[in-house]
Amino acid sequence: MRAIFQDHLGWIWLGGKGGLFRYDGQSFQPVPLPDSLAKDPIRSLYETKGQLWVGFESGSICILPKNTVFLPESPQETRNANPSQSPLQRWIPEEGNPRSPITGFCATPNGDFWISTYGEGLYCWKNERLYQFNTDDGLASTDIYTISCDSQGQIWTATDAGISICSMPEPGKKKIRNITTADGLPDEIVSALRVDAAGDMWIGMYEKGICRYKTAQQSFDFPVSGWTHGPVTSLVSFGSQEIWAGTANHGLIRIDLQNPASTADRCQPLPEQHPLCHEKITALCKDREGLLWVLENEGAIYSANIRIGLLATPSREIQAVCVDRLGRLWAGTEQGLMVQENGQFRQALPLQENIISLWEASDGNIWAGSFGNGVFVLHPEGRVLRHLTEKNGLTNGSVLSITGHAGTVWLATLGGVTEVNQNNYSLRTYQAELGAGYIYAILADSKGRIWFGTDGEGLIVLENGAFRHIRQAANRYLKTVYGIVEDRAGNIWFSTEGDGLFCYTGQNFRQYSTEHHLHSLNITGLAVDGNEHIVLAYEDGIDILTPGTGHVAFFDAASGAPAAKAAFNSICRDRNGHVWMGAEEGILRLATFDEAFVFDPEPNITAVSVFLQPVDFWTTTVFPHDQNYFVFNFVGLWFTNPELVRYRYRLDGSDADWVISKEHFASYPNLPPGQYTFRLQTSEHGDFSGTPEITYSFTIRQPIWKQLWFVVLSLLIATGLLFSFIRSREKRFHREAALRRESVESQFAALKSQINPHFLFNSFNTLITIIEENPKMAVEYVEHFSDFYRTILDYREKDLITLSEELALVRNFNFLLQKRYEENFRLNCIPDGQPGYIMPLTLQILVENAVKHNVISRAKPLTVDIFVEDGGYLVVRNNNQRKIKPEPGTHFGLHSLVHRYQLLGAKPVIVEDTETSFTVKVPIL
Amino acid sequence: MVMKHFIVCVLCGLTVLIMSAFGILEFDAANFGPGGPDVYQCTTGSIQFKSEAPLELIEARSTQLLGAINPANQTFAWSVDVLSFSGFNSTLQREHFNENYLESGRYPKATFAGKIIEKIDFEKDGVYSVRAKGKLNVHGVEQERIIKGQLERKGRKLHISASFSVPLTDHNITVPKIVYQKIAQEILITVDADLVLKP
């Protein structure tokens, strides 16, 4: 592994030869790389605008888009997954990719994105254009180890030839300022850079260790003389108090910026037996919880809670600790008193006294209380100034606790309290006032009150010269008080036997017990750290209580803290706010950094599945009614101790109450349509009040047939259909009625015309003529005549008849006309057997009209042609020789014919009246 | 009609400008002068530009590409005479290109000179993908650019090819609003050249 990065959601990303992984504290999820990069080692990782940037050894660059959804697969399945389904996208600008290893990325506040390479210098991506900075432009070297952005938005590059500070105020305009040894840089070869909280740049070098460049003063400070730990590969800062340096062959070095002692004291390497002591560190990372992540060259990954450290001491069982104003650490043991100077512990007392309490007086003297042998007063340089015992008037030789106020030192012993004048060592004892019992703890507070923690007599306070016994606190009867401390606000905190911790604000008491998530009631030490957190020491760990929120965080061996049994009341706070605790194995230090860390697990919804199919829940929030089986996958990122994370979730709209679970998923089959919000909280100790919450709101739509618009629309359409149906039915009825009426009228007209007296008269006249001349013909004539009438009567009821039937009728009619007009009338008719239908009597009416309205004589014979025309028309045409005096008529015949065809919905009847001919075209149906 | 021609011309001019920018022209006397080290000099080269606008495709090319690459320090210089571009959709277009857009009278050359980023072994035959970093001068406006291309070495001969885009705004080439639909805001340039090592 070469690169490590924590993204804005709290995930730890790791990249190296083995690929890219996302770590949640419990498992590494591999992220498939694009095929072409599968074998390419990853060199650098960075995040900006929610996108993860991945830089490769080959110079290739990939982006993991914002809000990429990872499937909740087991790592095994992912490994088998098709690598072409990589969520990573190649980043290829028009200018082409670098061909040298990508050693770093950096986004500057003005929107520029910087890419450093080992071999090609620095690239700046500005306004969608890539610019290169190399030695021709003034860059110190094109081999860049790392880059960092300072508080002014300038890019610092670490090279073998010093530092180049680059910026691009305008496209193509390059600004480069080089810092070399000539400017005071201790070493030409710069291998690590890190901006601290104050905006100053920490510089890690090849030979000369580290130094700081003060941006405001433009000068170097904090040089480390006599650095012996080899090349620095990476740096991490913790507040303004500590720098941790990864080195090329000496593991990790902790640099204490507050320690006023010598350089050697400031730089503490790992203990010799530590596995990382002689390893090469490739990368360091500080996460939001304050954990230090370490990548070791061979691929191992370490994380440590460096806030809690164990300092090994020559003797075990540290019974008392104290840090003096010079930063020296004093430790009381059964074998005597030790003081740490130049990184080494030495005996501070000539004899092996059993020291159980320590205190630094306002004049700088160290008071060391022993078990059975009184108290020793030491000059800061180590001389014993006084040794006070029972012979000198101490109430008891065993001094359990020491405090002081305004030139007076108070000693709590196994037999009452002794007050000592700091200057002349005159004594005053209190026994009866305190019940003569053991006094475990004593505290002089900021208001000049003296507090006593007694064995069985509760809490006693000496205020304005009077002792006051406090036996009741928050409805508890106080018996034994083990520890007393005061916070900056003046609240008095005290730990008890069996009732946990109390806070006395001056007006009332507040109790904290296991119900308030204290780890245990066996509190062995109590202190307030520099960030005003209450530190509670137990034999198996440490609680850190945040008074404002009541939040308690527990640290033990499982959360990266050293396993050490904290000794009874062996605890103190130094001037830097660090808390020191004597323990079986040595001295524990709980560091306080002036930097805020996250105290709660970060809730993350990792996937939302519908019917086990993952959905893009970042953008999809509306689901159809049948997509109603939801599974939510989530994780609470808490790298301090992932095992402790508990989840509390509720689906607003479905769950009435919160569900508390250890599982990483929640499933909801068969959700009815509605609005839902999934709320997730995480906690590492079971108390969910005030913990961060993440929500996902979504809607399951009503099925379409239940949605208002659909119902309304359906009703409208139904109404419309019904209405138009009724309308068309009415129309049809209307038309049918009209047709029937027309038909009846036309039949009537036809009949009327056939029994027209003229016709009958003419016919009979003709008949009379033939009877005498040709009786046989007469019989035939009468037969046709009667046939004609019978056919008319037969057809009048029908709507349509075949064309053949109509032609047969016309032929009968023609026979009658022929006999009457002889050669003066000619009908040219198409042969029989024509397909199609026609309205009954159509041709008969037309032929009759022709006979009726035209002159028929030998000089002017009338010819009627009946033929079929293209387009489905039957045409009746006669030569036009109108009678001068028009035949009186109703004009009903032709008009009715046209109208009836119209009612049938057929093609229109065409009437053409010209000089020479009269034509009627009737559609064949 | 006149407007259309005008637009086309403008477009063409723009394109030519861009093309010229790519070509190198000004040889660095120190690097390329007589008596200097062996350099690859361009024997035949062509540069082509293409403007693909919604309403019209304009293409033109020039074979009067001059250029040289110095293998010793990986520097290069290219130049093209803007007036040498031909192949416009009409002569009017070409005129507009030269007069209105690229102002070929004032800025007769387009150049690109700089250094190849990748270390190329000019002793070895092969096809190299290279990036050339340099100053592109078109229409008298200089822009630093990285241009990606292919370089093929065969004995004493080099063949190079590259294609890249040139935004009009980079080189202060302004196109009237009315011809926006005819001239692309980014002109695509393609270059092909053969070079031979000469002392």
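None of the values given here were measured: they were computed from a predicted structure.

Draft legend 1. Focus on the overall build of chain A. For chain A, the count of helices and strands is eight helices and 73 strands. Expected size for 925 residues packed as a compact globule is a radius of gyration near 29 Å; at 55 Å, chain A overshoots this value by more than 25%. Projected onto its principal axes, the C-alpha positions of chain A cover 185 × 75 × 45 Å. When each of the 925 residues of chain A is scored for burial, the buried share is 40%. Taking the contacts inside chain A whose residues are at least 6 apart along the sequence as the reference set, 53% of them involve residues at least 24 apart.

Draft legend 2. Just the packing of helix α6 (residues 803-821) of chain A against helix α7 (residues 842-853) of chain A, in detail. Residue and element names in this part refer to chain A. Running from amino to carboxyl end, α6 crosses α7 at an angle of 25°, the nearest separation of the two axes being 8 Å. Here α6 is positioned roughly parallel relative to α7, judged by the angle of their axes. Considering how the two elements wind past one another, α6 and α7 form a crossing that is right-handed. Here Glu 806, Leu 809, Val 810, Phe 813 and Leu 817 of α6 come into contact with α7, specifically with Thr 842, Leu 843, Gln 844, Val 847 and Val 851. Among the residues forming the contact of α6 with α7, the class breakdown is seven nonpolar, two polar and one charged.

Draft legend 3. Main features of the interface of chain A and chain B. Listed per partner, the contact involves 10 residues of chain A and 11 residues of chain B. Here the residues of the side of chain A that touches chain B are counted per class, giving two nonpolar, three polar and five charged.

Draft legend 4. Summary view of α7(A). Between its first and last C-alpha atoms α7(A) spans 17 Å; for 12 residues at 1.5 Å apiece the expected length is 16 Å, and the two agree. In terms of residue burial, α7(A) counts as a mostly covered element, since nine of its 12 residues are buried.

Draft legend 5. Region of interest: the sheet that holds strand β31 (residues 336-341) of chain A. Residue and element names in this part refer to chain A. Overall, antiparallel pairing links the four strands, which are arranged β29-β30-β31-β32 in an open sheet. Each edge of the open sheet is held by one strand with a lone partner, namely β29 (320-323) and β32 (344-347). Pairs of neighbouring strands in the sheet enclose a mean axial angle of 25°, with direction left out of account. Where β31 and β32 come together, four bridges link them in antiparallel fashion. Residue pairing across strands places Glu 341 opposite Gln 344, the latter belonging to β32.

Draft legend 6. Focus on the domain arrangement of chain A. Split into domains, chain A comes out as domain 1 (3-231), domain 2 (317-590), domain 3 (602-704) and domain 4 (732-923). The C-alpha centroid of domain 4 of chain A is placed 89 Å from the C-alpha centroid of domain 3 of chain A.

Draft legend 7. View of the environment of Arg468(A). Assignment of secondary structure puts Arg468(A) in strand β44 (residues 466-470). Those residues in contact with Arg468(A) that sit more than four places away from it in its chain are Ile460(A), Val461(A) and Glu463(A).

Draft legend 8. Main features of the environment of Ser164(A). Residue and element names in this part refer to chain A. The residue Ser 164 is located in strand β15 (residues 162-170) in this model. Placed 328 residues apart in sequence, Ser 164 and Ile 492 show a C-alpha to C-alpha distance of 54 Å. When residues no more than four places from it in sequence are discounted, the contact partners of Ser 164 are Leu 139, Ala 140, Thr 157, Thr 159, Ile 176 and Asn 178.

Draft legend 9. Seen up close, the nonpolar core. All names here are of chain A. Within the largest apolar cluster, 149 residues are counted, with the highest numbers of intra-cluster contacts made by Ile 4, Val 54, Ile 210 and Leu 284. Shared between two domains, this core takes at least three residues from each, and those domains are domain 1 (3-231) and domain 3 (602-704). In this structure Leu 284 touches Ser 234, Leu 235, Val 236, Trp 244, Gly 246, Leu 292, Trp 293 and Val 294, once residues within four positions along its chain are discounted. With 95 residues, the next largest nonpolar core counts Val 377, Trp 493, Ile 542 and Phe 599 among its residues.

Draft legend 10. Structural context of the packing of helix α5 (residues 775-795) of chain A against α6(A). All names here are of chain A. Running from amino to carboxyl end, α5 crosses α6 at an angle of 140°, the nearest separation of the two axes being 9 Å. Between α5 and α6, the interaxial angle falls into the category oblique. For the pair α5 and α6, the sense of crossing is left-handed. On α6, the residues that touch Tyr 781, His 784, Phe 785, Asp 787, Phe 788 and Thr 791 of α5 are Leu 809, Asn 812, Phe 813, Phe 815, Leu 816 and Lys 819. Class assignment for the residues of the contact of α5 with α6 results in seven nonpolar, three polar and two charged.

Draft legend 11. Structural view of helix α3 (residues 91-101) of chain B. For α3(B), every residue scored as buried is listed here: Gln93(B), Arg94(B), His96(B), Phe97(B), Asn98(B), Asn100(B) and Tyr101(B). Glu103(B) sits one or two positions beyond α3(B) and adopts a positive phi of about 45°.

Draft legend 12. Structural detail: the sheet that holds strand β40 (residues 427-430) of chain A. Residues and elements named next belong to chain A. Taken together, four strands build an open sheet; the order of strands is β37-β38-β39-β40 and the sheet is antiparallel. Since the sheet does not close on itself, it has two edges, and those belong to β37 (399-405) and β40, each with one partner. In this sheet, adjacent strand axes meet at a mean angle of 20° when their direction is disregarded. As judged from the six bridges shared by strand β38 (residues 408-413) and strand β39 (residues 416-421), these two strands associate in the antiparallel manner. What sits directly across from Leu 411, in β39, is Thr 418.

Draft legend 13. The arrangement of the pairing of strand β2 (residues 12-16) of chain A in detail. Residues and elements named next belong to chain A. Summarising burial for β2: five of the five residues are buried, a large majority. Here strand β1 (residues 3-6) runs beside β2; their pairing, made up of four bridges, is antiparallel. Bridge pairing in β2 links Ala 3 to Gly 15. Connecting β1 to the antiparallel partner β2 that follows it, the hairpin turn spans five residues, and Gly 10 within it adopts a positive phi of roughly 105°. Direction of pairing for β2 relative to strand β3 (residues 19-23): antiparallel, over a ladder of five bridges. Residue pairing across strands places Gly 15 opposite Leu 20, the latter belonging to β3. Count of turn residues in the β2/β3 antiparallel hairpin: two residues.

Draft legend 14. Here's a closer look at the pairing of strand β43 (residues 459-463) of chain A. Residues and elements named next belong to chain A. With four bridges joining them, strand β42 (residues 450-454) and β43 adopt antiparallel strand pairing. Bridged to Phe 452 within β43 is Ile 460. Here β42 folds back onto β43, and the loop between the two strands holds four residues, one of which, Gly 456, carries a positive phi near 95°. Where β43 and β44 come together, five bridges link them in antiparallel fashion. Bridge pairing in β44 places Ile 460 opposite His 469.

The rules we used
Each chain has its residues counted from 1, following the order in which its sequence is written. Here every chain gets a letter starting at A, and every ligand a number starting at 1, in the order they are written. Totals for whole chains, interfaces and linings use all residues, but because this is a predicted model, local features are given only for residues with pLDDT of at least 70 and pairs of side-chain atoms are given and counted only at 80 or more. Working definition: helices are DSSP H or I runs of at least four residues, strands are E runs of at least two. Numbering for both runs from the N terminus. For this measure, only C-alpha atoms enter the radius of gyration; the expected value for a globule follows 2.2 Å times N^0.38, where N is the number of residues. Burial is judged by counting other C-beta atoms within 10 Å of a residue's own C-beta: 20 or more means buried, 12 or fewer means exposed, and anything between counts as partly exposed, with every C-beta placed from the backbone. Any residue pair is listed as a contact if its two C-beta atoms, each placed from the backbone, are within 7 Å. Note on method: axes are straight lines fitted to C-alpha atoms, helices fitted across the in-contact stretch only, with angles between N-to-C directions ranging 0 to 180 degrees. Comment on the angle field: the value is read as roughly parallel under 35 degrees, roughly antiparallel over 145, roughly perpendicular from 65 to 115, and oblique elsewhere. The hand of a helix crossing depends on one turn: near helix anticlockwise from the far one by less than a right angle means left-handed, and clockwise means right-handed. Any residue outside Ala, Val, Leu, Ile, Met, Phe, Trp, Tyr, Cys, Pro, Asp, Glu, Lys and Arg is labelled polar, Gly included; the first ten of those are nonpolar and the last four are charged. Between the first and last residue of a helix there are one fewer steps than residues, each counted as 1.5 Å, and that sum is the expected span. At least two DSSP bridges between two strands are required for those strands to pair. Boundaries of every domain are those given by an automatic assignment or by a domain database. Joined through C-beta atoms within 7 Å, a set of buried Ala, Val, Leu, Ile, Met, Phe, Trp, Tyr and Cys residues constitutes a nonpolar core.

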